[in-house]
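Fold and geometry: a report
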Amino acid sequence: MNIAIKKDQWINLAIIAVVLWFIWFASSHFDEYTIRILNNIAIFIILAASYNLINGVTGQFSLEPNGFVAIGAYVTALLLVTPEAKLYQYAIVDPYPFVMTLHANFVTALLLAGTFSALLALCLSFPVFRVRGDYLAIVTLGFGFIIKILAINNPEVTNGSLGLNDIPEFSNLYWTGGIAIIAVIVVLNIVNSKFGRAMKAVRDDEDAATAMGVNTFKAKTLAFCTSAFFEGVGGGLLAALLTSISPDLFDFFFTFQLLIIIVLGGLGSTTGAIIGTVLVIGGSEWMRFLDEPMKFLSYETTAMPGMRMVVFSLILIFIMLFAREGIMGKRELKDLFKSKKKGDK
Amino acid sequence: MILKVDNVTKNFGGVTAIKETGFTVNPKEIYGLIGPNGAGKTTMFNIITGNYAPTSGQVIFRNESLSGLKPHQIVRKGIARTFQNIRLFSSMSVLDNVLIGFDFQARYSFLESIVRFPRFISEEKRIKNRSMEILDYFGMSSFAHDKATDLSYGQQRKVEIARALATNPELLLLDEPAAGMNPSETEELGEIIKKARNDFDLTVLLIEHDMKFVNQMCDKVLVLDYGKTIFEGRPCDAIQDKEVISAYLGDFHND
Amino acid sequence: MDVTIFMQQMINGFSLGSMYALIAIGYTMVYGVLRLINFAHGDIMMVGGFLGYFGIAVLGLPFAAAVLLAVVGSALLGMASDRIAYRPLRSAPKISLLITAIGISFFLENSFNVFFGGVPRAFPVPPYMEKMVEVSGLMMPVSAILVPVVTVILLVIILWVLFKTKYGMAIRALAFDVDTVNLMGIDANRIITLVFGMGSALAAVGGIFWAVNYPSVEPMMGVLVGLKAFAAAVVGGIGSVGGAVIGGLIIGFTEVVVVAFFPELGGYKDAFAFVFLILILLFKPTGILGLDFEKSRF
């Protein structure tokens, strides 16, 4: 048994080494367009793995990512933009004095972004999880709108609908990829602990979990706040990648994309979340053709912006109706090896 | 006395499910709660476990009132339960199902689990060993890594009891443990429950329809009908009690 | 504050609240029978508004006929969504049902966006609806009176169906116990489809009133309204039709009154419903008239 654990650890280390090598190789060899997509994939792996913790592992349907990503992005942007850059971009009203004094290095900014998101998630947990959690989806959906309303109506802090610009471009593949590795390890460590077991128990049968002495409120809140933390961090990375953010960037489509990712990969599987991210973010680039004019035989359609979203929603409904387990079901990479071994016997 | 149900009444909307009922259970007793369908037996369980708050009255466990405690807190005081229709965690292995019972007994924090502190590793090892011991006691350790819901019905029932024992209870509530089992399985289960009572120092409160099983198992029974106590005493006396017989006959007529 | 302006605002609040109520009833009924937050409900209201628009602007129907078209079309759409997407998932984990509902919502919004464009289309309000009438010294358009009046009539009909007909009793029973309904000899699935039909029909009426009031329709019009109407249903007490009406009126009044008296809060108008939702969940999770569902199903 001890040897088996060690073998698992070696495999994990080997996977991390390969990913690190790939990050180095990609950074030095690939063109800018490819690196941009890889950055997106890395950030979405962070978001999907943590989103999966509340939706897939704990089974509580939440629609929170866009709100918390927005918070993370704004916190990071406010901490990173230099005072000179702030001075000229607040066009609607002058910023509050404290906005001018905010400043931090990249790591601190990301940590603060995550912490701030997690604290807000904690505040939402009390009204929502005190009753069974049925309302989580609607409360988090509303929360996304509220964040947008707050961002638009407080130009003294957020510069209103103009958003924040000239955010230093700190994010690169080392940052996004490195943090993605950390996020996945943290999420997997949580899943493979008593906390993860409690979350799965809540998903499978909440009453039975309670009857085993599990504090289901705590299990749900931990999952939700952890998700929010990494969504905040991911938002910060996104802000430092895009260099400019505005309230419209974080609309519901953002969350919808993540939902497709985790559903396609298999709700409850972190491996699935990673596979789903690569497929959806990669596929989404490829599906851009859907939004453009098309030629059927001799008949040419006009450009149809948004066609991609129609296709996305149909994919989601289709998976739910006909392939509810997604690609991985609830299994992880190591389970695949296990079942193989069994088959060999 | 380990458990005292003190004059409990429970109303749902306008319907009275339990009316001014009380009983006491002594340590290491196997106590049966019987009665026709809809008599309020499962409601009584749900009141003891804190899933329902009684409309009036209270439950006292080891000289301490359970009023106001949440269900998971009551489990931590030492009351565990099984369900009428077995409710194992369907996506988890047998071992993980039992490990859930140790959830509140594993002493490591959230941060310790994230960075895999030595205490995390030693505690996980400890509760895994304990879980395997319990599974072994029920002869189920060879199934530890199978999916719980792939087992046979009788095996699932054993896992459910093993899982309840993992919470280290003093009082075990069994909701129709023999339901859906054939006579030989029922007999085996009865033996296990009796044995576990001695080996784990348990008091058992059980709901059961199978009168033969009740007769064989219980030191004492309480018969409920429409939420009221109609008999309390030895099981062999219960089946000769007029009121009990008419309550059951009435039930058969309804069927 | 001028009394007439005050009365004017009261009527506006009542009118807005009635629209929320019409939509909230659908949410509350579906939640009652399926424990599902039907995210697509707000979009069905949008479809109702669009059908009304097509009826008048494209087919040249009179207003009443366009309303009928919208009601029937939306009811069919609601029932179809249940039949195609929700019914196969009756025994699936609830999260699958919720994800499907989000999928349908997103599908409706975006397909309307693709095919009809995101730019609001002016709704051809019949002239008599815009005519100003004087009621005890107050000038107001006919539509402002029509909305609450129709809401009250529809509410009476709904309550009659729920409490006086066999199907209504089955709907109410279904909220607590599936077996009882089967015992009544009624197919629970048919009842659920019926609930979707009724809720969607009411949403269509709400959608047309909305279109008349703002006078325009656009693919995203159902998103925020749907969210607010659901909040209204929770505030009033989920599962209760009367509660949905009370919740809708509370939120409608609050929006109108706060904006009228504290114009500086105007930017936050869309946030009030959310604040109500959080407060009610904190202090009275079952809502004002709420039924205690958890206990009934254990």
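In short, a report on the structure. What you are looking at is a predicted structure, and each value in this text was computed from that prediction instead of being measured.

**What to know about the overall build of chain C**
Looking only at helices and strands, one finds 13 helices and four strands in chain C. Its C-alpha atoms give chain C a radius of gyration of 19 Å, near enough to 19 Å, the size a compact globule of 298 residues would have. Overall size of chain C, expressed as C-alpha extent along the three principal axes, is 55 × 45 × 35 Å. With 298 residues in all, chain C has 55% of them scored as buried. Summing over all exposed atoms, chain C offers an accessible surface of approximately 11,700 Å²; the carbon and sulfur share of this is 71%. Treating the 16 positive side-chain charges of chain C as one cloud and the 15 negative ones as another, the clouds have centres 11 Å apart.

**Some thoughts on the packing of helix H2 (residues 32-57) of chain A against helix H13 (residues 252-265) of chain A**
Residues and elements named next belong to chain A. In contact at an axis separation of 9 Å, H2 and H13 are set at 75° when each is read in the N-to-C sense. In this view, H2 runs roughly perpendicular relative to H13, as classed from their interaxial angle. Contacts from Phe44, Leu47, Ala48, Tyr51, Asn52 and Asn55 of H2 reach H13 at Phe254, Thr255, Gln257, Leu258, Leu259, Ile261 and Ile262. Partitioning the contact of H2 with H13 into residue classes produces nine nonpolar, four polar and no charged.

**A word on the packing of aromatic side chains**
Under the defined criterion, the tally for this structure stands at 41 aromatic pairs over all chains. When the centroid spacing of 5.2 Å and the interplanar angle of 55° are considered together, the rings of Phe54 of chain C and Phe116 of chain C count as tilted. Note that Phe54 of chain C is positioned in helix H2 (residues 41-58) and Phe116 of chain C in helix H4 (residues 94-116), a separation of 62 residues in sequence. Given a relative accessible area of 21%, Phe54 of chain C falls into the partly exposed group. In textbook terms, an aromatic cluster arises when at least three aromatic residues are bridged by ring pairs, as seen for Phe252, Phe253, Phe256 and Phe312 of chain A together with Phe106 of chain C. Above the ring of Phe83 of chain B, the side-chain terminus of Arg87 of chain B is found at 4.7 Å from the ring centroid. Over the face of the ring belonging to Phe89 of chain B we find Arg163 of chain B, whose NZ or CZ atom lies 4.7 Å from the ring centre.

What counts, and at which threshold
Residue numbers restart at each chain and count upward from 1, following the sequence in its written direction. Key to labels: chains lettered from A, ligands numbered from 1, both in the order written. A pLDDT threshold of at least 70 governs which residues receive local features in this predicted model, and a stricter bar of 80 or more applies before side-chain atom pairs are shown or counted, although totals over entire chains, interfaces and linings include all residues. Excluding hydrogens and water, the side-chain figures rest on all heavy atoms present in the structure. Secondary structure elements follow DSSP: runs of H or I of four or more residues count as helices, runs of E of two or more count as strands, with numbering from the N terminus. What the globule rule says is 2.2 Å times the number of residues to the power 0.38, and the radius of gyration is computed from C-alpha atoms. Buried means the residue's accessible area, taken with a 1.4 Å probe over protein chains only, is under 20% of the maximum for its type, while exposed means over 50%, and partly exposed covers the values in between. All accessible-area figures derive from a Shrake-Rupley calculation using a 1.4 Å probe, and residue coverage is judged against the displayed protein chains alone. Under this rule, positive means Lys or Arg and negative means Asp or Glu; His and the chain ends count for nothing. In this description, the location of a charge corresponds to atom NZ of lysine, CZ of arginine, CG of aspartate or CD of glutamate. Angular values range over 0 to 180 degrees, each being the angle between N-to-C directions of two axes fitted as lines to C-alpha atoms, with helices fitted over their stretch in contact. Angle categories are assigned with fixed cut-offs, so that under 35 degrees is roughly parallel, over 145 is roughly antiparallel, 65 to 115 is roughly perpendicular, and the rest are oblique. In what follows, residue pairs with any heavy atoms lying within 4.5 Å of each other are defined as contacts. Any residue that is not Ala, Val, Leu, Ile, Met, Phe, Trp, Tyr, Cys, Pro, Asp, Glu, Lys or Arg is counted as polar, Gly included; the first ten are nonpolar and the last four charged. Centre distance within 6.5 Å is the pairing criterion for rings of Phe, Tyr and Trp, where only the six-membered ring of Trp is used; planes under 30 degrees apart are then read as stacked, over 60 as edge-to-face, and the remainder as tilted. Here, a charge over a ring is recorded when the distance from Lys NZ or Arg CZ to the ring centre is within 6 Å and its angle to the ring normal is within 35 degrees.

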